[in-house]
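# Working through the structure, step by step
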Amino acid sequence: MTAREKPKTLWVGRWGFILAATGSAVGLGNIWKFPYMTGEYGGGAFVLVYLACILAIGIPIMMAEISFGRRGRGSPIDAIRRLAQESGRSALWSLFGWMAMLCGFMILSFYVVVAGWSVAYLWKAVSGGLSGSSVEEMAAIFGANNANPWSLGFWSTLVTLATMLIVGKGVQEGIEKSVRWMMPGMVLILGIMIVYGVFSGGFGEAMSFLFAFELGNLSSEGLLAAMGQAFFTLSLASGAILTYGSYLPDDKSIARTTFSVALFDTLVALMAGLAIFPVIFASGMDPDSGPGLIFMSLPLAFQQMPLGTLLEIAFFFMLTLAALTSAISMIEATVAWLNQSRGVSRAKASWGTGILLWIVSTLAMLSFNVGADWTLAGKHFFDWLDYLTSRWMMPLGGLGMALMAGFVLRNEIFRSELGLSRTQHALWLFMVRYVSPLGILLIFIDALGVMAL
Ligand code: PFF
Ligand code: NA
């Protein structure tokens, strides 16, 4: 007997898949990345393009990916190959499955480093290491946290271990249970911080920063970044959603699930922005402060809030959990593939990928200290992992998914998987055939044009 498992419906209960997919979507992308990218690219116009990309590109492609998974019942590689065969098309389309799997692994390699920051800050919050009364002091704490490769490596190693342990066990039920209370908890804390922001000044400025726009202000690079962020935040084209879809029972509505995941994900990102930017403006911090933005601004606010330390502990605890529920989804495709088509047991598959992950993530972690000078074209390794995946691999993978759904695979597959009305189906088809691919291509061409100058 091999340890090969038949892909089966793993999600228990009515909410199983929604909770798992929400757990995958909501994570560091919403609370860490969205605010700092918005700050970096100047606010409103970036947010607007991001929202447009969620609607016109993200949602239609997410529906396609879940359909691929459920109909193909397997990892991205196997599922796409099966669907291509069923449609009489070349098995080469499964190259998009390979790319998605690689992409999920690359994202995870830098994601565990950031999740490690979150655990480190949880520890600091518990042990009283986050006191400081100015942005400079908080920046110094963030800098010191990154400067020591041993402690930083300790935290990212811890996250890597936790991720692989959960994936190895396949404890879906545990994930579903933790997502069930973590998400409302996260929304509650962000809500409290927004209210705090309203009373502490800086809220008006934050509102106009986030929602007032001058489209001309967005550079081609910002456009590409906004599209990449839409893919990243919805966990698209990285194997996660497709593989989770392969465990989805037949009677669940893919469209309804997609809309609720996308809506909730967007809500959390916007709430994070509204919680963070008032603090940034009130404290005179530069919105363009990069990846350390939330780690330098939020502790400052917690310092001044009633019950601040308690809130701070709860916040970093939930951020860590949110990061973990996303992290496990990034590696699920690889583990599912090794298990289902290579006959490796889940435990062995997790340990094997875990060791590789540990090596690559340690190299990414070193970008913040001893490897700070190991740069190529001005970017260190951590930045390259993020840049390549978000700006290029995910949109390119998404383009492939959209074209497969729109033109390559038999349309009957999607008729039966999506089960939409005639008009709704026609609208979805129009999106995956024309709107999403052209949107992606235009933004690509625009970005390449700038690079050629
Ligand atoms: N959607 C996650 C977030 O916003 O934090 C990140 C992510 C998860 C990206 C899973 C890709 C993925 F496959
Ligand atoms: Na997200």
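Structure shown above.
Because the structure is predicted, anything quoted here is derived from the model rather than measured.

The next subject is the site of ligand 1. Around ligand 1, 16 residues are found, and the nearest of them are Gly-27, Gly-29, Ser-235, Ser-238 and Ala-240. Across the shell around ligand 1, the residue classes break down as 6 nonpolar, 10 polar and no charged.

It is worth spelling out the nonpolar core at this point. Among the nonpolar cores identified, the biggest contains 160 residues, and Tyr-111, Ala-115, Met-227 and Ala-327 are the most heavily contacted of them. In terms of residue count, helix α5 (residues 95-127) provides more of this core than any other element does, 21 residues in total. What Tyr-111 contacts, discounting residues up to four positions off in sequence, is Leu-28, Ala-323, Ala-327 and Met-330.

This part takes up helix α1 (residues 16-25). The buried fraction of α1 is high, at 10 of 10 residues. Taken as a whole, α1 has its buried residues at Gly-16, Phe-17, Ile-18, Leu-19, Ala-20, Ala-21, Thr-22, Gly-23, Ser-24 and Ala-25. Lining the buried residues of α1 we find α8 (172-200), α10 (220-233), α11 (240-245), α12 (254-282) and α14 (308-342).

The next point concerns unusual backbone geometry. The bulk of non-glycine residues show a negative phi, and the bulk of peptide bonds are trans. At Arg-73, a position not held by glycine, the phi torsion is positive, near 45°. Take Arg-73: it is sitting in the loop between α3 (44-72) and α4 (76-86). For Arg-73, a count of 19 C-beta atoms within 10 Å gives the class partly exposed. In this model, Ala-377 sits at a positive phi of 50°, which is unusual for a non-glycine residue. Within the secondary structure, Ala-377 sits in the loop between β1 (375-376) and β2 (379-380).

Attention now moves to the environment of Arg-70. With respect to the helices and strands, Arg-70 occurs in helix α3. On a C-alpha basis, the gap between Arg-70 and Gly-222 in space is 34 Å, while along the polypeptide they are 152 residues apart. With sequence-adjacent residues up to four places away left out, Arg-70 is seen in contact with Gly-245, Ser-246, Leu-248 and Glu-417.

A few words now on the packing of α3 against helix α16 (residues 381-408). Running from amino to carboxyl end, α3 crosses α16 at an angle of 65°, the nearest separation of the two axes being 9 Å. As α3 packs across α16, the resulting crossing turns out to be left-handed. Only Gly-398, Met-401, Ala-402 and Ala-405 of α16 make contact with α3, whose side of the interface consists of Ile-57, Ile-61, Ala-64 and Glu-65. Here the residues of the contact of α3 with α16 are counted per class, giving 6 nonpolar, 1 polar and 1 charged.

Parameters at a glance
Residues numbered from 1 in each chain as written. Chains lettered and ligands numbered in written order. Predicted model: local features only at pLDDT ≥ 70, side-chain atom pairs only at ≥ 80, totals over all residues. Near = placed C-beta within 6 Å. Nonpolar A, V, L, I, M, F, W, Y, C, P; charged D, E, K, R; others polar. Core = buried A, V, L, I, M, F, W, Y, C linked by C-beta atoms within 7 Å. Buried ≥ 20, exposed ≤ 12 C-beta atoms within 10 Å, placed from the backbone. Helix = DSSP H or I, 4+ residues; strand = E, 2+ residues; numbered from the N terminus. Contact = placed C-beta atoms within 7 Å. Axes fitted to C-alpha atoms, helices over the stretch in contact; angles between N-to-C directions. Left-handed = near helix turned anticlockwise from the far one by under 90°.

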